[in-house]
Amino acid sequence: MNMKKHSKILICVLLLFVSQNSWGEDGYKLWLRYAPIAEASRAEFINSILGKPVVFGTSATDSVIIKELGLASEGFFGKELLVSQKLGEGTSLWIGTLGNCELLQEAKLKARIETLGEEGYLIDYISYENKKYLAVAGATERGALYGVFHLLRLLQTKSSLPDLPIKSSPKITRRVLNHWDNLDGTVERGYAGFSIWDWHRLPDYISPRYIDYARANASIGINGTVLTNVNANAFTLTPLYLEKVAALADVMRPYGVQVYLTARFSSPIEIGGLETADPLNPEVRAWWKAKVDEIYEYIPDFGGFLVKANSEGQPGPQNYDRSHADGANMMAETLAPHGGVVMWRAFVYSHEAPDDRAKQANNEFEPLDGKFLDNVFIQVKNGAIDFQPREPFHPLFGAMEKTALGLELQITQEYLGQGTSLAYLAPLFKECLDSDTFSPKKGTTVAKIIDGSVQGKKESLIAGVANIGTDRNWTGYQFGQANWYAYGRLAWEYELSSEEIAEEWIGQTFGTNQQLMSNAKAIMMASREAVVKYMTPLGLHHIMGRNHHYGPGPWVDGGSRPDWTSVYYHKADKEGIGFDRTASGSDALSQYAPEIEKLFSNPKTCPDKFLLWFHHLPWDYKMKSGNTLWEEMCLKYDEGVKNVGKMRKQWDEVKPLVDDERHAEVATFLKIQEKEARWWRNACLLYFQTFSGKSFPKNIEQPEGELSYYKSLVFPYAPGIKPRW
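Residues numbered from 1 in each chain as written. Predicted model: local features only at pLDDT ≥ 70, side-chain atom pairs only at ≥ 80, totals over all residues. Heavy atoms only, no water.

Our next topic: the overall build of the chain. Helices and strands together make up the secondary structure of the chain, namely 23 helices and 15 strands. Computed over its C-alpha atoms, the radius of gyration of the chain comes to 27 Å, within 12% of the 27 Å expected for a compact globule of 725 residues. Nonlocal contacts in the chain, meaning residues at least 24 apart in sequence, comprise 73% of its contacts between residues at least 6 apart. Total accessible area computed for the chain in this model is approximately 28600 Å², and 52% of it derives from carbon and sulfur atoms. Positive and negative side-chain charges in the chain, numbering 78 and 88 respectively, have mean positions lying 4 Å apart. (Helix = DSSP H or I, 4+ residues; strand = E, 2+ residues; numbered from the N terminus. Rg over C-alpha atoms; globule rule 2.2 N^0.38 Å. Contact = heavy atoms within 4.5 Å. Areas by Shrake-Rupley, 256 points an atom, 1.4 Å probe, with all protein chains shown as cover. Lys, Arg positive; Asp, Glu negative; His and termini not counted. Charge placed at Lys NZ, Arg CZ, Asp CG, Glu CD.)

Listed below in structure tokens is the structure:
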């Protein structure tokens, strides 16, 4: 055989294989696919709008707008788009601001645009010199950019424009992603590969991925990014790294995305050569002022600091017998002249404190209400424990009436199946945002507290712990993208429904076929509740494996601290199960408004979904359904498994409507999820049966295996494990 000829043939075959596979969709484009338009009527509709746009400005953001319109035209029609900067024959679309387009003022749009704020936008038909145009207008270039992305969203998902005008302004001013990315490239609680920030090659090499990241955020209204982990590294604040951060800020700026950093409280010692980090020490205060001034020389629009202090071993002001207010205000004073803010996390608890961990943040921060400077946000997780599949809203949201509060949500699925489980989190986000705190009165939702309207605050904050990594599809799982998308959309407009957001994302990500839309939406809307059922039904919480948080571990006990164990939370015994947080127990319910305390204190009126969060009840307790507590728990665990089986069937039905690559990946992950759902159900029910002493209901799939087997499973190298400093 002629080996040289044979090798050439083999190489050609391999190249053909690679070429053919490169046409498959892998999820990299997210919801910005701008897929080719096959239907003539839709193509005509889109072309009538994008045919000959005018972008009046010449700023870097205006260039981004022009580029995005070109990408849309290339995707929709496979052709280059000619964008003008002045009106001409055939002009179809105006894009501009009051500052770069006098014609918008002449068209009597000034008053309408000015009411929308710096980031708001207007989409409407206007008449100018007896001609009709579609206009996308904002008070600033950022507003115009957001408006363009809104228009492109409509073009991807609709066959006609909805009723105009469309007027939109963000409900919350600072809409931020928190990256838990470490300088060594690992991502704490990240399940999509490594950090996208290539610190070694920065500032000289700018990955195209950074630009696509900024585009994706701008398309859903996210305007800030914290680049580094809350378990902070002081080295981030050195000139070597500030130069790298400045390069990233330059990429983000045209897309309206501000850069923030985490600040390690002990930085004056670790990189400043001081002997103390006491926030009341004059030398420490002078060091932070000089450091902040230095940061703004590198990054003129730097957003500020995110700080985790006196929590899980991180240093903080309490190391020096100072308060959280002392520490936060010291940093805030240095940032205020530059317009920067401090986002001070309320995730604090101590294993030395005898009180219920669910109470500890409230105990520490409520007495400090009104003592923080105006540019300090207390960043509060949605629940009082730690991003569980379901938690009641954090009591701090109804307890601090004089302090700016920001909401922290987790987009990454640390406790919700991690990198392979489909769990659409918009319903979880909405559950918190829509919760009524009754403080100061009925109708005061968490959303209205964090948007500043209750307290009259001009600045407001929402933060989401990012699920982004170097995996080609960004989030490890195709449907994980929906949680990034949903977070951004709710950060801009928290009154949107989970269903609306799902429809938007599906239409842009997979297409607008009605069966596809119906099945995919049904899967998404059922997914988070399915996870809750097979992991932590009826208010159970924190029963996962130790440290890695992957898989069930209701038996976890011992170790360095009780509140890092499962038995601390479920308190299962021969008598029953659940954590008594009523007046007869830890009295955590007293931290809520009287209306909530009264409703939840009585197990008969407490919603079933929070029952075991607030009550320790007998195994024979009669539920609203008529089942005993044991029977109800078994049914919920089994329903969760069955729900995932249904999701698998619904996805299989749309196989002809989805590209092979993405359909196969999702189908495989759903198979994994069903396997893991059975694992959770079997392990938890076999364990809890050792206390209840009762048989399993006959109408459920009987748990398989031996409890000893499930207890023996270990995962020392599971992705996303928290580093030990």
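Past the structure itself, the notes keep going.
This part is about the sheet that holds strand E1 (residues 53–55). Either a parallel or an antiparallel arrangement is found when strands of a sheet pair, and the pairing is made through backbone hydrogen bonds. The strand order across the open sheet built from 5 strands is E1-E2-E4-E3-E5, with neighbouring strands paired in mixed fashion. Both edges of this open sheet fall to E1 and strand E5 (166–168), since each of them pairs with a single strand only. Looking at each pair of strands side by side, their axes are set apart by 25° on average, direction ignored. Where strand E3 (residues 121–128) lies against E5, 3 bridges are found, and the strand directions are antiparallel. By the bridge assignment for E5, Tyr121 is matched with Ser168. (Pairing = 2+ DSSP bridges. Axes fitted to C-alpha atoms, helices over the stretch in contact; angles between N-to-C directions.)

Our next topic: the side chain of Ser421. Its location among the elements puts Ser421 in the loop between strand E12 (405–410) and helix H13 (426–433). What makes Ser421 buried here is its relative accessible area of 1%. In contact with Ser421, not counting residues within four places along its chain, are Gln413, Leu416, Tyr477, Tyr534, Gln673 and Glu676. (Buried < 20%, exposed > 50% of the residue type's maximum accessible area, 1.4 Å probe, protein only.)

Another point: the side chain of Thr412. Counting through the fold element by element, Thr412 comes out in the loop between E12 and H13. Classification of Thr412 as buried rests on a relative accessible area of 2%. Separated by 2.6 Å, the side chain of Thr412 and the backbone oxygen of Arg189 make a polar contact. In this structure, Thr412 is in contact with Arg189, Gly190, Tyr191, Val465, Ala466 and Asn467, ignoring residues within four places of it in sequence. (Polar contact = N/O pair within 3.5 Å; in protein donor to acceptor, adjacent residues only side chain to side chain.)

Pairs can form between side chains of opposite charge once their charged atoms are near each other. This model, assessed by the stated rule, comprises 44 salt bridges. Here Glu701 ties to Arg681 by a salt bridge, and the two come within 3.1 Å at their closest N and O atoms. You can see Glu701 sitting in the loop between helix H22 (660–692) and helix H23 (707–712) and its partner Arg681 sitting in helix H22, a full 20 residues away along the chain. For Glu701, a relative accessible area of 28% translates into the label partly exposed. Through salt bridges with shared partners, one network takes in Asp638, Lys642, Arg648, Glu674, Arg678, Arg681 and Glu701. (Salt bridge = Lys/Arg side-chain N within 4 Å of Asp/Glu carboxyl O.)

Under the criterion given, the structure shown has 45 aromatic pairs. Pairing Trp94 with Tyr133 gives two aromatic rings, centres 5.1 Å apart and planes at 35°, and the pair type is tilted. Of the two residues, Trp94 is situated in strand E2 (residues 93–97) and Tyr133 in strand E4 (residues 131–138); the sequence distance between them amounts to 39 residues. Neither residue differs from the other here; Trp94 and Tyr133 are each classed as buried. Site record: aromatic cluster; members linked through ring pairs are Tyr28, Trp31, Trp197, Tyr210, Tyr213, Trp474, Trp484 and Tyr485. The ring of Tyr494 carries Lys171 above its face, with NZ or CZ at 5.5 Å from the centroid. Over the ring of Phe579 we find Lys571, and its NZ or CZ is 4.6 Å from the ring centre. (Phe/Tyr/Trp six-rings, centres within 6.5 Å; stacked < 30°, edge-to-face > 60°. Lys NZ or Arg CZ within 6 Å of the ring centre and 35° of its normal.)

Here we take up a nonpolar patch on the surface. Among the surface-exposed residues, Phe235, Leu240 and Ile271 lie close enough to one another that they form a single nonpolar patch of about 250 Å² accessible area. Inspection of the secondary structure puts Ile271 in the loop between helix H9 (267–270) and helix H10 (282–298). (Patch = residues over 30% accessible without salt bridge, like charges linked within 9 Å, V, L, I, M, F, W, Y side chains within 5 Å.)

A separate point is the confidence of the model for the chain. On average, the chain scores 94 in pLDDT, and the residues at 70 or more come to 96%. In this model, residues 3–23 is a region of pLDDT below 50 whose contacts with residues beyond four sequence positions or in other chains number 2 contacts. (pLDDT = per-residue confidence, 0-100.)

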